[in-house]
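Listed below are the residues making up each chain.
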Amino acid sequence: MKVLNYGSLNIDNVYSVDHFVRGGETLSSSKMETFSGGKGLNQSIALAKSGAEVWHAGAVGENDGEFLLEMMKDAGVNVSLVSHVEGKTGHAIIQRDGDGQNCILLYGGANQKITREQVDQAMEHFQAGDFLILQNEINEIAYIMEKAHEKGMKIVLNPSPMDEKIGGYPLEYVDYFLLNEIEAGDICREQGEGEELLRKLSAMFPKAKIVLTLGGDGSMYKDGDLVLKQPIYRVPVVDTTAAGDTFTGFFIGGLMQGEDPKTALDHAAKAAAIAVSRPGAAPSIPDRSELEKEL
Ligand code: RIB
């Protein structure tokens, strides 16, 4: 069983600031670093580091995205389904403050140039029972979901970043949602909290398994009558970028390798804690062997 991650690849330009820049303000940063990132790329690396067989499909620009592919290859991700398209690779401008919190501005670039022809070709490599994982940083998501559903693949959706396009996707095909409270509230068209949101989402999508992330309060999982709660591992925070992607990759990677949901949640929480204790997006993601260490 393998997983196809159809997702974004970004060059993350990270600026260290005292506070996030305000409208009309000019602000100096004390440091600028460039990392590999993109929710898609981060989740592929987390999946691979958790031990799953991962194929990444997506697009980079003609000249500037090669280091992203090298990083994925080094982590064991199959990148043969990533195409090179005219123009620039996607990028993110990330402000990181002294508490390790961030705010992110995206430029889609190549991530928004996925074609249906590319999707059809990519799908030829997968079969019923394989996983498809999606975030919301590329185009043609509804088409990819349709094709994966026709094949009998298990569909995982992390609807992040949330926007109005999500409502147009065939969400009834989703087997696993991984999302935060705001995203869940937007899908339910009514904001709420924890268990209440889980109940509402589960009533809308009764066959789906749901992982609701609650920031500092951890996460919750619901599959029918089974409800699990997972606290976070508290560590000194250096950079929260890609914590959610690490969690997603380790949770789905764990399930694919036979872990029960409780164990997969625990390992995902541990991997995310290690990621926030280090700078950068993809480079902060731990190997599975690091989960053995005490936090
Ligand atoms: O989830 C973190 C990621 O969001 C960053 O790596 C950035 O590229 C954006 O896609």
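The rules behind the values
- Residues numbered from 1 in each chain as written.
- Predicted model: local features only at pLDDT ≥ 70, side-chain atom pairs only at ≥ 80, totals over all residues.
- Heavy atoms only, no water.
- Pairing = 2+ DSSP bridges.
- Helix = DSSP H or I, 4+ residues; strand = E, 2+ residues; numbered from the N terminus.
- Axes fitted to C-alpha atoms, helices over the stretch in contact; angles between N-to-C directions.
- Contact = heavy atoms within 4.5 Å.
- Near = heavy atom within 4 Å.
- Polar contact = N/O pair within 3.5 Å; in protein donor to acceptor, adjacent residues only side chain to side chain.
- Areas by Shrake-Rupley, 256 points an atom, 1.4 Å probe, with all protein chains shown as cover.
- Buried < 20%, exposed > 50% of the residue type's maximum accessible area, 1.4 Å probe, protein only.
- Arc of directions from axis to C-beta.
- Parallel < 35°, antiparallel > 145°, perpendicular 65-115°, else oblique.
- Left-handed = near helix turned anticlockwise from the far one by under 90°.
- Nonpolar A, V, L, I, M, F, W, Y, C, P; charged D, E, K, R; others polar.
- Phe/Tyr/Trp six-rings, centres within 6.5 Å; stacked < 30°, edge-to-face > 60°.

## Remarks on the sheet that holds strand β6 (residues 90-96)
Spatial strand order, β3-β2-β6-β7: four strands in an open sheet with mixed pairing. Pairing within the sheet leaves two strands with one partner each, and these edge strands are β3 (31-37) and β7 (102-107). Each neighbouring strand pair of the sheet contributes to a mean axis angle of 20°, computed without reference to strand direction. Summarising the sheet, strand β2 (residues 10-16) and β6 pair through seven bridges and their orientation is parallel. Paired with N13 across the strands is I93, a residue of β6. Helix α2 (residues 66-74) contacts β2 and β3 of the sheet and is inclined by roughly 60° relative to β3.

## Some remarks on the site of the ligand
With respect to spatial proximity, 14 residues lie near the ligand, and among them D12, G38, K39, E137 and D245 are the closest. A distance of 3.0 Å separates an oxygen atom of the ligand from a polar side-chain atom of N10. If the ligand stood free it would expose 280 Å²; the protein chains cover 96% of that surface. Among the secondary structure elements, those contributing two or more residues to the shell around the ligand are β2, α1 (39-50) and β7.

## Remarks on α2
Buried within α2 we find L68, L69 and M72. Projected down its long axis, α2 shows its buried positions confined to an angular sector of 95°, all on one face. In this structure, the buried residues of α2 make contact with β2, β3, α1, β4 (54-61) and β5 (78-85). Trailing α2 by a residue or two, G76 shows a phi angle of about 100°, which is positive.

## As for the sheet that holds strand β9 (residues 154-157)
Hydrogen bonding along the main chain pairs the strands of a sheet, whether they run parallel or antiparallel. In space, the nine strands of this open sheet follow the order β5-β4-β1-β8-β9-β10-β11-β12-β13, with mixed pairing throughout. Pairing within the sheet leaves two strands with one partner each, and these edge strands are β5 and β13 (226-230). Ignoring strand direction, the axes of neighbouring strands in this sheet form an average angle of 15°. As defined by bridge partners, strand β11 (residues 209-213) adjoins strand β12 (residues 219-223) across four bridges and the pair is classed as antiparallel. Paired with T213 across the two strands is S219, which belongs to β12. Sitting on the sheet, helix α3 (residues 116-123) touches β1 (3-6), β4 and β5, and the angle it makes with β1 is about 170°. Packed on one face of the sheet, helix α4 (residues 141-151) meets β1, β8 (131-134) and β9 and runs near 170° to β8.

## A few points about the packing of α1 against α2
Relative orientation of the contacting elements α1 and α2 amounts to 20°, with a least axis distance of 9 Å. Comparing the axis directions of α1 and α2 gives the class roughly parallel. Of the two possible hands of crossing, α1 and α2 adopt the one that is left-handed. Listed contacts from α2 to L41, S44 and I45 of α1 are L68, M71 and M72. Here the contact of α1 with α2 is built from residues that sort into five nonpolar, one polar and no charged.

## Some thoughts on unusual backbone geometry
Here the residue pair S160 and P161 is connected by a cis peptide bond, since its omega of 0° sits within 30 degrees of zero. Take P161: it is sitting in the loop between β9 and β10 (176-180). The phi dihedral of R189 falls on the positive side, at around 60°, and the residue is not glycine. Note on placement: R189 falls in the loop between α5 (181-188) and α6 (194-204).

## Looking at the packing of aromatic side chains
If you walk through the whole model with that rule in mind, you get four aromatic pairs. Between W55 and F126, the ring centres sit 5.6 Å apart and the planes meet at 80°, which makes this aromatic pair edge-to-face. Of this pair, W55 sits in strand β4 while F126 sits in the loop between α3 and β8; the two residues are 71 residues apart in sequence, bridging distant segments of the chain. By relative accessible area, F126 is classed as buried at 3%. Geometrically, the ring pair formed by Y221 and F251 is tilted, given 5.9 Å between the ring centres and 55° between the ring planes. Highlighted residues: Y221 in strand β12 and F251 in helix α7 (residues 243-256), separated in sequence by 30 residues.

It is worth stressing that arrangement in space is one thing and function is another; only the former is reported here.
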